[in-house]
Structure formats: structure tokens, C-alpha cells
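Understanding the architecture of this molecule
The lines below spell out each chain.
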Amino acid sequence: WCRGRRGAAAACFPLGRALLGVRGAEAAVFLQGLLTHDVTQLVAAGDAPPALYAHALNVQGRCLYDVILYRLHGSTAEEPHILLECDSSVLDSIQKHLKLYKIRRKVTITPCPDLSLWAVIPGEQPGDASSLPKSADQALLLTPDPRAEVMGWRLIAKKGANLSEIIPGSQVGDVQDYHRHRYKQGIPEGVKDLPPGVALPLESNLAFMNGISFTKGCYIGQELTARTHHMGVIRKRLLPVRFPAPLPGPGVPEGAEILTESGKPAGKFRAGAGELGIALLRLAHANEPLCVNLGGDRVKLSAATPEWWPKGAAK
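Residues numbered from 1 in each chain as written. Predicted model: local features only at pLDDT ≥ 70, side-chain atom pairs only at ≥ 80, totals over all residues. Heavy atoms only, no water.

**Things to note about the pairing of strand 1 (residues 11-14)**
- Bridge count between strand 1 and strand 10 (residues 171-172): two bridges; the pairing is parallel. Bridge pairing in strand 10 places Ala11 opposite Gln171.
- Bridge count for strand 1 against strand 7 (residues 115-121) is four bridges, and the pairing is antiparallel. Paired with Ala11 across the bridge in strand 7 is Ile121. (Pairing = 2+ DSSP bridges. Helix = DSSP H or I, 4+ residues; strand = E, 2+ residues; numbered from the N terminus.)

As C-alpha cells, this is what we get:
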């Protein structure tokens, strides 16, 4: 999809994701014990990153929430102010989760309904700052998506802000095109792609998407994740899948079993849009012809290794 838009104006997609403000002297230390990434980077002196990707895990090491953190404070002299982006359907539960562990920390946690969140896919090379004309005065934050360069940029603005003024020449796109782009690149996002209490972070390519620190120390769910990493054996991964044509009716149900041609279990379908989707597949079968049973019919599909993955990662 991005290649088809080369030379076109940047497309801005309105995302149905929620934003939470986490503010206070202990904001980063508080989040540090709950998330897979090294959140203290956001309050470090010097060249602190503007955004980080991470998962919140349960005690069994399975994903509860996929989040992107944004640094709003300008320097270490200011009070730490971090925005947390999450799936809007889990906004209440993630607030309860955070407040459960807050105890007496000097932190306030508040939803931000006055802000809007956008994905921006530049018309030239996604993630290339030089290709994105911008007048960022109206933007609270405009930063490369921390997960992968192919995902372009994240924009946070006030509700009702004029996107064409923030990014001159940009066009508001259909959010379904954003999801199709995501699925084509194999980027999971939200509870359908990462079922809470089911998805494992390393099988979900968290390390490939710059979402984990293996040196930061303890956090909830760290033990199993660290052990899996040090063993170095990950037999299943989330991969982009494609059907020969858009599927009729409701499409493939979430969790549907994917089989090899000989009928061996190869993995499970997670979610999709049109003929594109994402599935958790055994790497041993990822390059074979695959199929899924739909209403008594065998529907073929194929998997691919994303180009942005590290070389040799699919072995």
C-alpha cells in the first residue's frame, strides 16, 4: 500500500486508541516495574527518546496490554509527564491495573479525552523525516512510530485540530487502509491481534519491534520472558498472511486453526482485513502451503516474512 502511494501526500489515519496521562516525580520508576521496556530512558538526561513501545505482562509472562509511551516533558528539569497509548477497549482495565500497583507513589493517572491520536504514513519512505513537511505548532507530539520504520509516524494533537495545517498537503485516510498496511507488515496492535492473557511477547515479535529491554531488571512477567530469550528457541511467531481474494461473509473467525496441506496443525489465525491478516504460526510450517476450514470449505492462504525483520530472524 505504501509503495503505491510513493510520491503522494502523507496520509493521516484517525486511530481509535486511548491515551492516559501518567504524571509525577515517580512516573517512570512506577511504569518501569510494570512494562517490558526500560521506561527510565524517557526521563534520562541528554538524548531521551520521544517514544517507546512496550507490553504490560501478567505474572505468567503473557501479554495484557500493548502500549506506546510518549514523553511530553521537555527536559529533566520539568516534572515527568508520560502519555500512554492503549487499545480503547481496555482503557478501564489498564487504569485499574496501574492503580493497583501505584500504592503510595507520587503519580497521577488520568485519561486524555481532549487529545486525538493519528498514524501518519508519509508518501515517500515511511519514517523518513525529510519526506514529511510539517508545521508542528498545533501538534502536541509528532514522532516516528517506535515499533518499526515501515509504520511511519505517530501524531498527537488537540481534538478538532486541523491536520492540513499541522502537516501541509496531508490527506485524512480510511483507518481500514492503516490496518491493512499493518497486517501487510505483520505489526500487531490491540486486543484482537494480542489476546490478553494468551499472547506471548517474544512470539509476538516484541524484540523485533524495539519493545523490550533484557537488561533493565525486574518487572511483572519478566522471568518466563527472560528464560525464553536466553534459551534462544522461539518456535512460533506472528506472521502476516494473505488469502487469494477477500473472503466472503464474516471472514475467518479469530482463533481459527490453520493447517498444512497434509492436515497438520500449523497455527492460529488472529485477525485481519480483507485478504490480509496476521496469524501465530509454527516457523517450521510457515513456508508451506496452508489452509483454513471455512464452512466446510478449505480456503488457502500463504504466510510471508516481513522485510523489516532482522536478517535470519525467521529461522
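**Observations concerning helix 2 (residues 91-102)**
- Look at helix 2: 16 Å from first C-alpha to last across twelve residues, which is about the 16 Å you get at 1.5 Å a residue.
- Residues of helix 2 that are buried: Leu91, Ile94, Gln95, His97 and Leu98. For helix 2, the angular spread of buried residues about the axis comes to 160 degrees, placing them on one side. Across helix 2 from its buried face, at more than 90 degrees, point the exposed residues Asp92, Lys96 and Leu100.
- The positive-phi residue at the C-terminal boundary of helix 2 is Ile103, with phi of around 50 degrees. (Expected span 1.5 Å × (residues − 1). Buried < 20%, exposed > 50% of the residue type's maximum accessible area, 1.4 Å probe, protein only. Arc of directions from axis to C-beta.)

**Some words on the environment of Leu72**
- Along the chain, Leu72 turns up in the loop between strand 4 (63-71) and strand 5 (81-87).
- Linking Leu72 and Arg23, residues 49 residues apart in sequence, is a C-alpha distance of 9.6 Å.
- Contact partners of Leu72, with chain neighbours within four places excluded, come to His81, Leu83 and Leu140. (Contact = heavy atoms within 4.5 Å.)

**Quick look at the domain arrangement of the chain**
- By domain assignment, the chain separates into domain 1 (10-126 + 136-185) and domain 2 (235-314).
- If you average the C-alpha positions of domain 1 and of domain 2, the two centres end up 29 Å apart.
- Counting residues at the interface gives seven residues for domain 1 and twelve residues for domain 2.
- Three residues stand out in domain 1 for area buried against domain 2, namely Arg180, Tyr183 and Gln185, and they jointly supply 71% of the buried area on that side.
- Counting every contact that joins domain 1 to domain 2 gives one salt bridge. (Domains from an automatic or database assignment. Buried area = accessible area lost by both parts, 1.4 Å probe. Salt bridge = Lys/Arg side-chain N within 4 Å of Asp/Glu carboxyl O.)

**Regarding the packing of aromatic side chains**
- This model, assessed by the stated rule, comprises three aromatic pairs.
- Looking at Arg147, its charged tip hangs above the ring of Tyr53, at a distance of 6.0 Å from the centre.
- Its end group placed over the ring of Tyr183, Arg182 keeps NZ or CZ at 4.7 Å from the ring centre. (Phe/Tyr/Trp six-rings, centres within 6.5 Å; stacked < 30°, edge-to-face > 60°. Lys NZ or Arg CZ within 6 Å of the ring centre and 35° of its normal.)

**Details of the side chain of Asp38**
- Within the secondary structure, Asp38 is located in the loop between helix 1 (27-32) and strand 3 (51-57).
- Nearest to the buried, unbridged Asp38 among oppositely charged side chains is Lys216, at 5.9 Å.
- Apart from residues lying up to four places away in sequence, Asp38 is in contact with Gln32, Leu52, Ser213 and Lys216. (Lys, Arg positive; Asp, Glu negative; His and termini not counted.)

**Some details on the nonpolar core**
- The biggest cluster of nonpolar side chains holds 60 residues, and the ones touching the most others in it are Tyr70, Ile156, Phe243, Val252, Ile258, Leu281 and Trp308.
- In terms of residues, this core owes the most to one element, strand 14 (residues 276-282), which gives five residues.
- Counting contributing residues, this core receives three or more from each of domain 1 (10-126 + 136-185) and domain 2 (235-314).
- With residues near it in sequence (within four places) discarded, Ile258 still touches Lys264, Pro265, Ala266, Gly267, Lys268, Phe269, Ala279, Leu281, Leu290, Cys291 and Leu301.
- Val22, Ala28, Leu34 and Tyr65 belong to the second largest nonpolar core, which has 28 residues in total. (Core = buried A, V, L, I, M, F, W, Y, C linked by side-chain atoms within 4.5 Å.)

**A word on the confidence of the model for the chain**
- Across the chain, pLDDT averages 89, with 92% of residues at or above 70.
- Counting interchain partners and residues more than four positions distant, the pLDDT-below-50 stretch residues 1-7 has 20 contacts.
- The low-confidence segment residues 125-131 (pLDDT under 50) makes 15 contacts with residues lying over four places distant or belonging to another chain. (pLDDT = per-residue confidence, 0-100.)

**Quick word on the sheet that holds strand 15 (residues 290-294)**
- Taken together, six strands build a closed barrel; the order of strands is 11-14-13-12-15-16 and the barrel is antiparallel. Direction aside, the axes of adjacent strands within the sheet are offset by 45 degrees on average.
- Sheet topology note: the strand 15/strand 16 (residues 297-303) ladder contains five bridges and is antiparallel. Counted as the bridge partner of Leu294 is Asp297 from strand 16. (Axes fitted to C-alpha atoms, helices over the stretch in contact; angles between N-to-C directions.)

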